[in-house]
Amino acid sequence: MNKTMRITVDGRKIRASPGQTIMDACDDAGVYVPRLCDVEGLVPQGSCRVCTVKADGHTVAACTEPAEPGMKVENDTLEIKNYRRDLVRMLFHEGNHLCPICEASGRCELQAMAYRLRISQATKYPYLQPVRPVDASHPDIALDNNRCILCGRCIRASRDVDGKHVFEYVGRGIHKRIGVNAENLAATNASIDDYAMSLEVCPVGCIIRKREGFFAPIGARQFDREPIGMDVETRQEHHVPKRRPDPAFGNDGTK
Amino acid sequence: MIDILWAVQDKLGCIDGEAMSLIAEKTGTYRVEVEGVVSFYAFFSSVRKGKIVIRLCDDIVDRHAGVFAVAKSFENTLGIKLGETTPDHWFSLEYTPCIGMCDQAPAALVNDVVVTNLTPAKVKGIVRTLKKTRDPRALVTKTGDGNNGHRLIAAMVKNNIRHTGPVLFDKSPAEAGLKQALTLSPGGVLELVVDSRLRGRGGAGFPTGKKWRYAAAAQAALRYVICNADEGEPGTFKDRVLLTERAQLLIEGMTIAAYAVGAAEGILYLRAEYRYLKAYLEHILARRRSRGLLGDNIMGKAGFHFDIRIQMGAGAYICGEESSLISSCEGKRGEPKNRPPFPVQSGYLGLPTVVNNVETFCCVPPLIARGPKWFTSIGTPHSSGTKLLSVSGDCTRPGVYELPFGVSVQDVLDKAGAKDPAAVLIGGASGDMIGRPEFQRRICFEDLPTAGAITTFSSHRNVLEIANYYMDFFIDESCGYCTPCRVGNVFMKQGLEKIMQGLGEAGDLDYLRELGKTIIATSRCGLGHTSPNPILSSMKSFPLVYSALLNAHPNEFQAGFNIQSALDEARVIAKRRSLIYDVSYGDEE
Ligand SMILES: Cc1cc2nc3c(=O)[nH]c(=O)nc-3n(C[C@H](O)[C@H](O)[C@H](O)COP(=O)(O)O)c2cc1C
Ligand code: SF4
Ligand code: SF4
Ligand code: SF4
Ligand code: FES
Ligand code: FES
């Protein structure tokens, strides 16, 4: 059972080990699958759907779908790209994103993904322009829910890495949002030193580290230097395999 | 957890921040987790509700039956608007999706008490009674037929059983199926179920025998059998009738399933709207325990132990999806789980779990008693047996009909006395809307599958208004886990509304088709896979209705110009000057 298998991604044969997701197999092989809710070091949850691929003809989320021997995966086709564009557009239109005044601009994964997918005009969808609260109660951290894309990375980071459970989803449907474990963030045990509050975790400009804003000048920001996904694509043949936590929690990130 | 929340909600009329903290402390969870669960379910509230909550079903069927006038009347009599609570904290008034009383609409829930066939004229009397007695049970002056008159149900609900068939209303003696099953080995029972080609009655039509075999084969110390009595699909009410009249048969079926797969524990997941049946079902379970039909060594079979508990839902359509239902039983937000693993491998608490619909379990005892040959002789080659249909809408004989699979839509409409049917929705909100040319199609898994809902609409109904209502339903009921369903459905609805307002253009139909395709392809569970159906299937069946509403533009340019200028204005208001939006760079393939 423990033998590695082969799967095909856009015609290219790559190796996968049993139990590995399509995403992890692709990462190890240097094939980039666009993603927003999934990030190395956390349990995959499969919610943004940007990593949608076709596996043997069925659309699935690469970050949660286990690789099967001989599986044929389509990642970089026009059909898939259009799905991803629609999803990224939905995320833009769901919240309130004003990139030029946003602290995350240039290191924001949503913005970078839009560039990578070559989304230019936004003529298709209506803006929902929700009214969402900003929680600036904490001395070191601010939460600007207007930019939250509900990726749940902060939830998993706080729960599984920090062991704290500062965040959780509340509400349902279009009213779903990130809640904190008290009346407001200041009343929780959140700390600026939590992994959940690090720049790696929140992909957009929702979790803001106070007094650290705009630390990189335009031109030197993370995605000014290289487009999102380049790090994966330029990986060497024998790099360190991807880090994943023990699946002590359910595969959907719930206990 | 859900039970605790129900107890608190019932006592305080809300589960506020303080209560959440306390519950978290007592259960060793986090306050925000409790908040996550409370805010997920429609029947829980963090702000204080009245002691008497009136929930009016605002489904399209009830709208056609005049629920808006009833709502107005309630507003006027109570002096509050929908969504509000009276200052004395006695009354709250709100809308709720289908409560499974479509055959006696407009209907409402007053706390747990069902009130049917409402009219504006009845409202004053209802409010007067409530104010006088402070007890919703006082509203039931005459109980319905059959077990609705049982002292533990005492509901005004009518069964409306219009046609009984050979399976669900089979006259085999009680427990014949279970008795027969216990003479066989569990493997022998599995074989009979496989041979009968029984398929799930809850919608997806998965072969029941296959499902049970997977669960039986999974390595585990404990296995679960769960009955899905969430019946949330708008227009479906057949499980309500089965729970009322065939509860013994249902439990017998679950017991046979437990024997076949080797489960020792079972759960009956009952939707919040059917809470009025809970006491009666508890009573049936207790009676079966005392008769040795549940508990240890059932029917004297040494080593066969099985018991069932009832789990109440709390108002969430998505909890009918089997993995969400399991999440809900585990006391969590009712969100679907990732698959694989499937519930039969790792379900409730990580144990192999069989989830079946009420009707599926009810098919099992007669099938075992009479054998697979008999069962497959009814219906069609790929859909053996009968189907219990819930027919409602514009017809003179709404109610449930047990008919063999393969029956044509036209036949059903004739039996139900459909009035001038122009559009029929097969399978509720997530099903297909068909028009007259398709009425000869047959109800079966080979052609038109349905979990049971047949909703008829006469020619003076507005197809777009119907589709629009069901989009609203999906927006409200989406769990919000994944992007396409959470956000995409809102865009679908807005696109449809644009057409309804007469602002649509030819390109809008393509827009809806493409958006619908993305939602279907990328959603995570069955809700998103079907949510664009009301619009997509009505576009397909009624293209002329849609095109009649579109504006003809002399040329493409003008259409494009209009959209652009509309957007420009929005951009100025929103002060959006983003590179991504305003500068076109890169070309779209
Ligand atoms: C959004 C959604 C809602 C569902 N609601 C119900 C329901 O109310 N009752 C039900 O029996 N099945 C429902 N199902 C189907 C269940 O997921 C599952 O397939 C069924 O309970 C299995 O039982 P069966 O094989 O006996 O049909 C629903 C599915 C989805 C995707
Ligand atoms: S979070 Fe990202 S996409 Fe949103 S405004 Fe900031 S930079 Fe733009
Ligand atoms: S706050 Fe950031 S990390 Fe958390 S869900 Fe929102 S976007 Fe994701
Ligand atoms: S498709 Fe809808 S209901 Fe299903 S997981 Fe996604 S958001 Fe939730
Ligand atoms: S990255 Fe896979 S669903 Fe978000
Ligand atoms: S009860 Fe109102 S539509 Fe079902």
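Residues numbered from 1 in each chain as written. Chains lettered and ligands numbered in written order. Predicted model: local features only at pLDDT ≥ 70, side-chain atom pairs only at ≥ 80, totals over all residues. Heavy atoms only, no water.

(A) Geometry of empty space enclosed by the protein. Residue and element names in this part refer to chain A. Here the structure, examined in full by the defined rule, presents six cavities of 30 Å³ or more. Of the pockets and cavities examined, the largest cavity occupies roughly 100 Å³. Lining the largest cavity are 14 residues, and of these Cys 148, Cys 154, Cys 202, Cys 206 and Ile 207 lie nearest its centre. Residues that form the lining of the largest cavity fall into these classes: 13 nonpolar, one polar and no charged. (1 Å grid on protein atoms, 1.4 Å probe; cavity = no way out; pocket = protein on both sides within 12 Å on 5 of 7 lines; lining within 4 Å. Points joined across faces, edges and corners; volume = space filled by probe spheres on them. Nonpolar A, V, L, I, M, F, W, Y, C, P; charged D, E, K, R; others polar.)

(B) How the structure looks around the packing of aromatic side chains. Residue and element names in this part refer to chain B. All chains considered together, the criterion is met by 16 aromatic pairs over all chains. Three or more aromatic residues joined by ring pairs form one cluster here, namely Trp 6, Phe 40, Tyr 41, Phe 43 and Phe 44. Over the aromatic face of Phe 43 sits the side chain of Arg 55, whose NZ or CZ is 3.9 Å from the ring centroid. The ring of Tyr 274 carries the charged tip of Arg 271 above its face, separated from the ring centre by 5.2 Å. (Phe/Tyr/Trp six-rings, centres within 6.5 Å; stacked < 30°, edge-to-face > 60°. Lys NZ or Arg CZ within 6 Å of the ring centre and 35° of its normal.)

(C) Spatial organisation of helix H12 (residues 278-290) of chain B. All names here are of chain B. Over its 13 residues, H12 runs 18 Å from end to end, which matches the ideal 18 Å to within 8%, given 1.5 Å per residue. Within H12 the residues assigned to the buried category are Tyr 280, Leu 281, Ile 284, Leu 285 and Arg 288. Buried residues in H12, looked at end-on, bunch into an arc of 140 degrees, giving them a common side. Looking at the packing, one finds that the buried side of H12 touches helix H7 (176-183), helix H10 (238-245), helix H11 (247-261), strand E7 (265-270) and strand E8 (307-312). (Helix = DSSP H or I, 4+ residues; strand = E, 2+ residues; numbered from the N terminus. Expected span 1.5 Å × (residues − 1). Buried < 20%, exposed > 50% of the residue type's maximum accessible area, 1.4 Å probe, protein only. Arc of directions from axis to C-beta. Contact = heavy atoms within 4.5 Å.)

(D) Seen up close, the domain arrangement of chain A. Residues and elements named next belong to chain A. Each domain of chain A was delimited in the assignment, giving domain 1 (5-76) and domain 2 (82-213). Taking the mean C-alpha position of each, domain 1 and domain 2 sit 25 Å from one another. Taken together, the contact pairs 22 residues of domain 1 with 22 residues of domain 2. For the pair domain 1 and domain 2, the summed buried surface comes to about 1,600 Å²; carbon and sulfur atoms form 61% of the total. For the pair domain 1 and domain 2, the interface holds zero salt bridges. Seen at the junction of domain 1 and domain 2, the total is nine residue pairs in polar contact (both at pLDDT 80 or more). For the side of domain 1 that touches domain 2, the residue count by class is 13 nonpolar, five polar and four charged. (Domains from an automatic or database assignment. Buried area = accessible area lost by both parts, 1.4 Å probe. Salt bridge = Lys/Arg side-chain N within 4 Å of Asp/Glu carboxyl O. Polar contact = N/O pair within 3.5 Å; in protein donor to acceptor, adjacent residues only side chain to side chain.)

(E) Geometry of the confidence of the model for chain A. On average, residues of chain A score 90 in pLDDT, and 92% of them reach the 70 mark or higher. Counting interchain partners and residues more than four positions distant, the pLDDT-below-50 stretch residues 247-255 of chain A has 25 contacts. (pLDDT = per-residue confidence, 0-100.)

(F) Just the sheet that holds strand E6 (residues 224-229) of chain B, in detail. All names here are of chain B. Here four strands make up an open sheet; going across it, the order is E8-E7-E6-E9 and the pairing parallel. Where the open sheet ends on each side, the last strands, each with one partner, are E8 and strand E9 (353-357). The average angle at which neighbouring strand axes cross in this sheet is 20 degrees, direction not considered. In the sheet, E7 pairs with E8 via six bridges, with the strands oriented parallel. Within E8, the position partnered with Glu 265 by the bridge is Asp 307. (Pairing = 2+ DSSP bridges. Axes fitted to C-alpha atoms, helices over the stretch in contact; angles between N-to-C directions.)

(G) Spatial organisation of the pattern of salt bridges. Residue and element names in this part refer to chain B. What the rule picks out here adds up to 47 salt bridges over all chains. Linking Glu 94 and Arg 55 is a salt bridge whose minimum nitrogen-to-oxygen distance equals 3.3 Å. Taken as a pair, Glu 94 in strand E2 (residues 91-96) and Arg 55 in strand E1 (residues 52-57) lie far apart in primary sequence, 39 residues in all. With a relative accessible area of 14%, Glu 94 lands in the buried category. Arg 137 is the partner of Asp 135 in a salt bridge, and the nearest nitrogen-oxygen pair spans 3.3 Å. According to the relative accessible area criterion, Asp 135 is partly exposed, its value standing at 24%.

(H) The domain arrangement of chain B, seen in detail. By the assigned domains, chain B splits into domain 1 (1-48), domain 2 (49-141), domain 3 (162-377), domain 4 (380-461) and domain 5 (464-547). Each of domain 1 of chain B and domain 4 of chain B has a C-alpha centre, and the two are 41 Å apart.

(I) Summary view of the pairing of strand E16 (residues 453-458) of chain B. Residues and elements named next belong to chain B. Among the six residues in E16, six count as buried, and that is most of the element. In E16, alternate side chains face the same way, and those of Ala 453, Thr 455 and Phe 457 on one face and Ile 454, Thr 456 and Ser 458 on the other are all buried. Note: strand E12 (residues 386-393) against E16, four bridges, orientation parallel. Across the sheet, residue Ser 392 finds its bridge partner in E16, namely Thr 455. Bridging between strand E14 (residues 421-426) and E16 involves five bridges; their strand directions are antiparallel. When the sheet's bridge partners are listed, Pro 421 is paired in E16 with Ser 458.

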